[in-house]
Amino acid sequence: MTGPPEFLILTAADCRAVLARNHLGRLAFFNGETVDIEPIGYALKGHWLYARSAWGAKIESLARRPFVALEVDEVDGPFDWRSVVVYGTIYELPLDGSDLERRGRRRAVSAIKAAMRGSFTGHDPVPERQIVYGLHIDKLAGRMARRESRGRGPRRERVRIRKAPARPLTRETF
């Protein structure tokens with residue numbers, strides 16, 4: 001029989017490792033007065049996550065309010081998972097932008113091509129996604145759950161997440 005699960009905080013290095021192993025996350029952004037969440041493919045390079053999209057409501061919303069969060073999860077079971085949240089600002093990297101924006105776009109396209117085969121080629125599965133943007137990583141936060149210590153897996157800070165005392169939800173809670 002295994003013991004109760006542990007809930008731990010990931011180090012910054014562990015957060016980056018989760019981001020590097022994956023290429024799909026959920027982007028949370030403001031859309032008018034609400035928050036939308038959409039899955040996006042991304043590529044990690046340095047302090048940036050790069051992505052691309054076709055024109056639509058998401059791009060219009062990001063142009064007005066570029067502050068976002070992106071969550072990436074690795075789930076092996078109900079009490080065996082890692083979750084990372086990136087907080088940052090989205091910057092469009094246009095073809096006809098400044099020298100700095102064009103250099104950023106080349107770096108982004110290179111990272112996206114490496115992470116997602118066929119991108120920006122004649123075999124591109126989504127050729128309409130020509131708007132390239134970068135998410136600058138301003139802050140990282142990560143947590144994990146595990147059932148037992150196996151002596152392997154991600155390094156983590158020696159911080160246990162303490163459970164708040166359980167109390168029933170009432171109207172006053174909100």
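All residue numbers refer to position in the chain's written sequence, counted from 1. With the structure being a predicted model, the display of local features is reserved for residues of pLDDT at least 70 and the display and counting of side-chain atom pairs for 80 or more, all residues being used for whole-chain, interface and lining totals. To get the side-chain values, take all heavy atoms of the structure and skip hydrogens and water.

Right, let's get into a nonpolar patch on the surface. A surface patch of nonpolar side chains, amounting to about 280 Å² of accessible area, comprises Phe30, Val35 and Ile37. Within the secondary structure, Phe30 sits in strand 2 (residues 24-31). Note that patches include only residues with greater than 30% relative accessible area and no salt bridge, and the join distances are 9 Å for like charges and 5 Å for nonpolar side chains (Val, Leu, Ile, Met, Phe, Trp, Tyr). In these tables, accessible area is a Shrake-Rupley quantity obtained with a 1.4 Å probe, and a residue counts as shielded only by the protein chains included in the view. Whenever a carboxyl oxygen of Asp or Glu lies within 4 Å of a side-chain nitrogen of Lys or Arg, that contact is scored as a salt bridge. Helix and strand definitions here come from DSSP, where helices need a minimum of 4 consecutive H or I residues and strands a minimum of 2 consecutive E residues; each element is numbered from the N-terminal end.

With that out of the way, let us pick up the packing of aromatic side chains. Two aromatic rings are characterised by how far apart their centres lie and by the angle between their planes. Between 30 and 60 degrees the pair is tilted, below 30 it is stacked and above 60 it is edge-to-face, where a pair is any two Phe, Tyr or Trp rings, Trp via its six-membered ring, whose centres lie within 6.5 Å. Tallying each qualifying case throughout the model produces 4 aromatic pairs. With a centroid separation of 6.4 Å and 75° between ring planes, the pair formed by Phe7 and Phe79 is classed as edge-to-face. A residue pair is termed long-range when its members are at least 10 positions apart, and Phe7 in strand 1 (residues 6-10) and Phe79 in the loop between strand 6 (67-77) and strand 7 (80-92) qualify at 72 residues. The rule is simple: take the accessible area with a 1.4 Å probe, protein chains only, and divide by the maximum for that residue type; under 20% is buried, over 50% is exposed, in between is partly exposed. Given the relative accessible area of 26%, Phe7 is considered partly exposed. In this structure Phe79 comes out as partly exposed when scored by relative accessible area, which is 31%.

Glancing now at the pattern of salt bridges. Here the structure, examined in full by the defined rule, presents 10 salt bridges. Arg82 is the partner of Glu74 in a salt bridge, and the nearest nitrogen-oxygen pair spans 2.8 Å. As far as the burial class goes, Glu74 and Arg82 line up, both buried. As a salt-bridge pair, Asp80 and Arg82 come within 3.6 Å of each other at their nearest N and O atoms. By relative accessible area, Arg82 is classed as buried at 9%. Through salt bridges with shared partners, one network takes in Arg21, Glu74, Asp76, Asp80 and Arg82.

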